[in-house]
Amino acid sequence: MNIRLLAKRNIQGNAQRYLAYFFSIVLSVSIFFIYASFIFHPDVVHANIPGGQLISSGLISAEIVIIIFSVFFIAYSNAAFIQPRKKEFGLLTLLGMSKSQLRKLIYLEQTMVSLISILIGVGLGFLFSKLFLMAVSWLLAVEQPISFVIVPEAFVYTIVGFILLFQLLSLLSLFHIGNAEVVDLLKDKQKPKKTPFVSKWLVALSAVCLSIAYYLAGTMSLNNSYRVLPIVFFVLIGTYFLFSQSIVALCSRLYRKKKSLYGGTNLITQTNLIFNIKDYSRLFFLTSIIIAVILTAAGTLFMFSADLKKQGMDNIPQSIGWVENDASVYSVIEPSAVEKTLKEDGFKILYEVNMTGVPITHKLPHMRTGESNENRSLLISESDYNNAAALRKIEQAKLSGKEALYIFPYGGMDYQFVHNGEQKKLHFGNRTIQVTMIGQRNQSIVAPIKAATTLMVVDDQLYHEITADVPLKEMARVRGYEVKDWEESMETSSEIEQISNNHNQLQTRAPIYQEMKQGSILILFIGLFVSLLFFIVQGSMMYLRVFTNLEDKKIQIHALHRLGLTKKEIRQILSAEIRILFFAPFLIGVIHAIVAYVALSNLLGSNLFVYSAMVIVTYFLFQLLYYQVTKKMYERAVINSIK
């Protein structure tokens, strides 16, 4: 028997414990290799693929996330493998194995597992890279599919990078076990567990931090999006003390309720929980944060993609829109040319917008500094505004006298530039008129281009008084056409842009929408792979936690069985413990994600309840499947040991 053979047999003996870890590493390496194959693909490097550089940048970000996440997961897993085997290491040391030989044994075990994982991961990545390239070709809508080629850089970066990562983390994991004394290794499992201590101040701190985080997230908007970092900080602090203190306090309170404690198998389940909750707290914290990140990231990508059409219609009010600086002529494009092109391509015009206005200037506060600055708007009549608002099914304005309404075109930004009752001076030419503001609406009714980016709406009578002697050439004209099935009007929009004389004064919705849609689908495609990896890793951490205590659990269950517990009751105990491990952090992660969804709904100005519910339910089903598989394997391993 030599150390190499002993390491090989140890891996075989702990195969069940290594299973989830091995699978997670294989998946990480595979995804990393697939992404690297695209990043270093010759067509991407030489910019032969339209949009290739965009997705390449996204994949590089994903690669960095995978590496960072792999560092934490491998470090956690190495610690999880070593901790339950301390008695084994102590016996080997007692039988004459030196510390250097013990380090070599652990190092060989971890190196063997890592090399096998890397080789299988690269092999699977190579097999599925062709499928990935086909999917990306379809998403990018390229004429010729991206060719499948062997990318040497992908092999080098993946194999060398992960080998160095494993070697570094393996060496770090040897430090603690190598300096431990034999007595400490042998008695590590015999140390009695104390009743966990609970600090009321830390319980209060967790509640305060989470309350602050939830309030900041629930009231977040585009103009205070800087709150993201404080929210993350308070969530991390609050969640950590929630599991290390608040949950411990809750378990202690339940433990004191003797009536429920002595019912069925509750005594054993709750006793195990309260004495292990301190050990579980770090795992609960990590997995709840991971779950929150997965749900928030996947939900954000999915909701943004699903809500993209509505965002396009909200921010770009008409399929074709433009602004003429001189209302007396059509210098940008003739309406007849637009109508002819739409008709020839088979698109039905649902409605058209045609309004004139007077460019004015007025003072508005700066969003960040609050200082008053000169701003431009287009002064339009109440009738013109209400006609366009009716076509877009937007609430109409009600004005009288010298009242005015300010229209800001971006719905996701809730900053109030004007306030109800505020007196404001409007300047046009050499004239100045004072109006009373009745408020501000953040919505778009016509193409927000140049002079018509923001609108100032006044009563019809006041508007006619102001514009009575203003020549048409000093006014601006806003035109727009809404067409049916505008999503399919890419080529038509391109034709209209080509025949226009000023692209800067013209806005077409379809090209912008299609570009955003393509980008969001690509990001969603990348994000789903990373989210899948995160899901597998967090499930693997649960799996590792369950199976690292397998031997201790076998001893406990064997003793309970001899005292009279049936196999049915034993299954109830095991199921309850695993259920808590899997779903306690899941519940907290879901709550964090729901708060994040509320913040996202505020940012987008949309009700995203249905989308968020779909994401949470989908994740729950995957989590339930992972739980059932782990439970079956764990119950089989424990109950089969009962003689």
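Residues numbered from 1 in each chain as written. Predicted model: local features only at pLDDT ≥ 70, side-chain atom pairs only at ≥ 80, totals over all residues. Heavy atoms only, no water.

Draft legend 1. Structural detail: the overall build of the protein. A count of helical and extended segments in the protein gives 21 helices and nine strands. Considering only residue pairs separated by 6 or more positions, the protein has 82% of its internal contacts joining residues 24 or more positions apart. Here the protein has roughly 31700 Å² of accessible surface; of this, 62% comes from carbon and sulfur atoms. (Helix = DSSP H or I, 4+ residues; strand = E, 2+ residues; numbered from the N terminus. Contact = heavy atoms within 4.5 Å. Areas by Shrake-Rupley, 256 points an atom, 1.4 Å probe, with all protein chains shown as cover.)

Draft legend 2. Spatial organisation of a nonpolar patch on the surface. On the surface, Ile116, Ile120, Leu124, Leu127, Phe128, Leu131 and Met134 cluster together into a nonpolar patch covering about 670 Å² of accessible area. Structurally, Ile116 is set in helix H6 (residues 99-140). Judged by relative accessible area, which is 45%, Ile116 ranks as partly exposed. (Patch = residues over 30% accessible without salt bridge, like charges linked within 9 Å, V, L, I, M, F, W, Y side chains within 5 Å. Salt bridge = Lys/Arg side-chain N within 4 Å of Asp/Glu carboxyl O. Buried < 20%, exposed > 50% of the residue type's maximum accessible area, 1.4 Å probe, protein only.)

Draft legend 3. Region of the structure containing a positive patch on the surface. Where like charges cluster on the molecular surface, the positive patch consists of Lys567, Arg571, Lys632 and Arg636. Only helix H20 (567-604) and helix H21 (609-639) provide two or more residues apiece to the positive patch. Tracing the sequence through the fold places Lys567 in helix H20. (Lys, Arg positive; Asp, Glu negative; His and termini not counted. Charge placed at Lys NZ, Arg CZ, Asp CG, Glu CD.)

Draft legend 4. Broad picture of the packing of helix H17 (residues 490-499) against helix H18 (residues 509-548). Orientation of H17 relative to H18, taken along the N-to-C sense of each, is 130°, at an axis distance of 8 Å. One element, H17, and the other, H18, form an angle in the oblique class. The chirality of how H17 crosses H18 is left-handed. Residues Met490, Ser493 and Glu497 of H17 lie in contact with H18, whose contacting residues are Ala510, Pro511 and Gln514. Considering only residue class, the contact of H17 with H18 consists of three nonpolar, two polar and one charged. (Axes fitted to C-alpha atoms, helices over the stretch in contact; angles between N-to-C directions. Parallel < 35°, antiparallel > 145°, perpendicular 65-115°, else oblique. Left-handed = near helix turned anticlockwise from the far one by under 90°. Nonpolar A, V, L, I, M, F, W, Y, C, P; charged D, E, K, R; others polar.)

Draft legend 5. View of helix H14 (residues 335-344). Burial in H14 covers these residues: Pro335, Val338, Thr341 and Leu342. Seen along its axis, H14 keeps its buried residues to an arc of 130°; they face one direction. Of the exposed residues in H14, those oriented more than 90 degrees away from the buried face are Lys340, Lys343 and Glu344. In the core, the buried residues of H14 are packed alongside strand S1 (320-324), strand S2 (349-365), strand S8 (476-483) and H17. At the exit of H14 stands Gly346, carrying a positive phi of roughly 85°. (Arc of directions from axis to C-beta.)

Draft legend 6. Structural view of the side chain of Ser30. One can find Ser30 in helix H2 (residues 15-39). On the accessibility criterion, Ser30 (9% relative accessible area) is buried. Apart from the residues lying within four places of it in its own chain, the contact partners of Ser30 are Gly121, Leu124 and Gly125.

Draft legend 7. Highlighting the packing of aromatic side chains. Within the structure shown, the criterion is met by 25 aromatic pairs. Measuring from centroid to centroid gives 4.8 Å for Phe33 and Phe155, while their planes differ by 70°, and the two rings are edge-to-face. Taken as a pair, Phe33 in helix H2 and Phe155 in helix H7 (residues 152-178) lie far apart in primary sequence, 122 residues in all. With a relative accessible area of 25%, Phe155 lands in the partly exposed category. Their ring planes at 45° and their centres at 6.0 Å tell us that Phe583 and Phe620 sit as a pair that is tilted. Of the two residues, Phe583 is situated in helix H20 and Phe620 in helix H21; the sequence distance between them amounts to 37 residues. By relative accessible area, which is 32% here, Phe620 ends up partly exposed. (Phe/Tyr/Trp six-rings, centres within 6.5 Å; stacked < 30°, edge-to-face > 60°.)

By themselves, these are just geometric observations and shouldn't be taken as functional.
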